[in-house]
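These are the residues of each chain, in order.
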Amino acid sequence: MNRISRPQARPWAARRLVCLSFAGGGTVAFRPWARLLPLDVELRTLCYPGREFRYADEISGGWEGFVADCADAVTTEVRSPYVLYGHSMGALLAFETARLLQERDAEGPESVILSGHIAPQHWTGVRSAKLATASDEELAASLEAGGGLPQSVLSDPDLLAMAVDLLRMDMEAYADYRYRPGPRLRAGIHLMVGEQEVTPAHEGWAELTDGPFSQEILPGGHFFTPRVWGALPRHMSPLAAESTTGLAS
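Here's a quick rundown of the structure. (Residues numbered from 1 in each chain as written. Predicted model: local features only at pLDDT ≥ 70, side-chain atom pairs only at ≥ 80, totals over all residues. Heavy atoms only, no water.)

**Thoughts on the packing of aromatic side chains**
As a reminder of what qualifies: Stacked, tilted and edge-to-face are the three classes assigned to paired rings of Phe, Tyr and Trp, where Trp is represented by its six-membered ring and a pair needs centres within 6.5 Å; plane angles under 30 degrees give stacked, over 60 edge-to-face, the rest tilted. Counting from the N terminus, the helices are DSSP H or I runs at least four residues long and the strands are E runs at least two residues long. For every residue, the accessible area obtained with a 1.4 Å probe (protein chains only) is divided by the maximum for its type, and the residue is called buried under 20%, exposed over 50%, and partly exposed between those limits.
For the structure shown, the criterion picks out 13 aromatic pairs. Between Phe22 and Phe223, the ring centres sit 4.9 Å apart and the planes meet at 90°, which makes this aromatic pair edge-to-face. Residue Phe22 is found in the loop between strand E2 (15-20) and strand E3 (41-46), and its partner Phe223 is found in the loop between strand E7 (213-218) and helix H7 (226-230); the two are separated by 201 residues along the sequence. On the accessibility criterion, Phe22 (7% relative accessible area) is buried. Judged by centre distance (5.2 Å) and plane angle (55°), the ring pair of Trp33 and Trp229 falls under tilted. Taken together, the residues Trp33 in the loop between E2 and E3 and Trp229 in helix H7 connect sequence positions 196 residues apart. Taken together through their ring pairs, the aromatic side chains of Phe22, Phe30, Trp33, Tyr85, Phe223 and Trp229 make up a single cluster.

Next comes the structure, spelled out in structure tokens:
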């Protein structure tokens, strides 16, 4: 069973960028990034259960099952070296996936790139628990306000209903999350935060790695601005750090 797609295969790539989506999202939001990556980096997009080519799959085991599913996918479908990236809920999944891989003594990421989430030790889960039990109308309003879905989805009742169902499913697992203190990551962390939502709670990510930590404040809010989001790989400094080929045009 494949859980990870390759929007633009680069068999010569020296490294891979593995993207984990926000709650309710799929792989579509990341596919345009393939042409923006350094020429020696291949884009991989991890598909969560219940959507796209995993439509028949379900999340089992709550949050821990979600993390295990991601870790198993990375272990079986991605060879090293690679970098993990996650946005919003995906940031927590990327972090916990890296922790689980480290716990298993499996091949972990070179770096973990995160955006759109405070440090997990400050996360209460109150909002995600509320959304998990919200009405369809409230969830639809949340999706529209969040800015993560294209207008083509928001304006189509059938597509929007599917997006609402996915968001609820993800939020039910997300609401289970509780940070457990443990060994710090060996991999470094690069954090990107929208200037409209930056708080001191974001700085706590620095406490969770023995590797290098960096933070970049970017224009916009949770999804930055459309222009920044569309070119976000250009702000992923760990990808450029060892690249000698430059960015594709």
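**A few points about the packing of helix H1 (residues 62-77) against helix H6 (residues 157-174)**
The criterion, for reference: In this description, a line fitted to the C-alpha atoms serves as the axis of each element, helices being fitted only across the stretch in contact, and the angle between N-to-C directions of two axes falls anywhere from 0 to 180 degrees. With respect to orientation, any angle under 35 degrees is reported as roughly parallel, any angle over 145 as roughly antiparallel, any angle of 65 to 115 as roughly perpendicular, and every other angle as oblique. Only heavy atoms matter for contacts: two residues are in contact if any of them lie within 4.5 Å across the pair. Ten residue types, Ala, Val, Leu, Ile, Met, Phe, Trp, Tyr, Cys and Pro, are classed as nonpolar, four, Asp, Glu, Lys and Arg, as charged, and the remainder, Gly among them, as polar.
Close contact between H1 and H6 brings their axes to 7 Å; oriented N to C, the two are set at 105°. Looking at the two axes, H1 sits roughly perpendicular to H6. Listed contacts from H6 to Gly62, Trp63 and Phe66 of H1 are Asp170, Ala173 and Tyr174. In terms of residue class, the contact of H1 with H6 is made up of four nonpolar, one polar and one charged.

**Some thoughts on unusual backbone geometry**
Here the amide bond leading from Ser80 into Pro81 is cis, since omega sits at 0°, within 30 degrees of zero. Turning to its location among the elements, Pro81 is positioned in the loop between H1 and strand E4 (82-87). We note that Ser88 has phi near 60°; this positive angle belongs to a residue other than glycine. Along the chain, Ser88 turns up in the loop between E4 and helix H2 (89-103).

**Points about the pairing of E3**
In the case of a regular strand, side chains alternate between the two sheet surfaces. Counting buried residues in E3 gives six out of six residues, a clear majority hidden from the surface. The side-chain alternation of E3 yields two buried faces, one formed by Val41, Leu43 and Thr45 and the other by Glu42, Arg44 and Leu46.

**Here we look at the environment of Thr27**
We count it as follows: Within 3.5 Å is the distance limit for a polar contact, defined as a pair of N or O atoms, with the added protein rule that one can donate a hydrogen and the other accept it, and that residues adjacent in sequence qualify only through two side-chain atoms.
Secondary-structure assignment places Thr27 in the loop between E2 and E3. Accessibility expressed as a relative area gives 1% for Thr27, which makes it buried. Sequence spacing of Thr27 and Pro7 is 20 residues, and the spatial spacing of their C-alpha atoms is 9.2 Å. Ignoring anything within four residues of it in the chain, the contact list for Thr27 reads Ser5, Thr45, Leu46, Cys47 and Glu52. Side chain to side chain, Thr27 and Arg31 meet in a polar contact 2.9 Å long.

**Some thoughts on the pattern of salt bridges**
Rules: For this document, the term salt bridge refers to a Lys or Arg side-chain nitrogen within 4 Å of an Asp or Glu carboxyl oxygen.
A full pass over the atoms with the stated rule returns 13 salt bridges. Residue Glu42 is joined to Arg44 by a salt bridge in which the shortest nitrogen-to-oxygen separation is 2.5 Å. Given the relative accessible area of 9%, Arg44 is considered buried. Linked by salt bridges that have partners in common, Arg3, Arg54, Asp57, Asp69 and Glu77 make up one network.

**Details of a nonpolar patch on the surface**
As a reminder of what qualifies: Residues with no salt bridge and a relative accessible area higher than 30% make up the patches, which join like charges within 9 Å and nonpolar side chains (Val, Leu, Ile, Met, Phe, Trp, Tyr) within 5 Å. Calculation of accessible area relied on Shrake-Rupley with a 1.4 Å probe; when residues are assessed, cover is drawn exclusively from the protein chains displayed.
Taken together, the side chains of Tyr55, Leu159 and Met162 present a nonpolar region at the surface, about 330 Å² in accessible area. Mapped onto the elements, Met162 comes out in helix H6. When its relative accessible area of 45% is taken as the criterion, Met162 is described as partly exposed.

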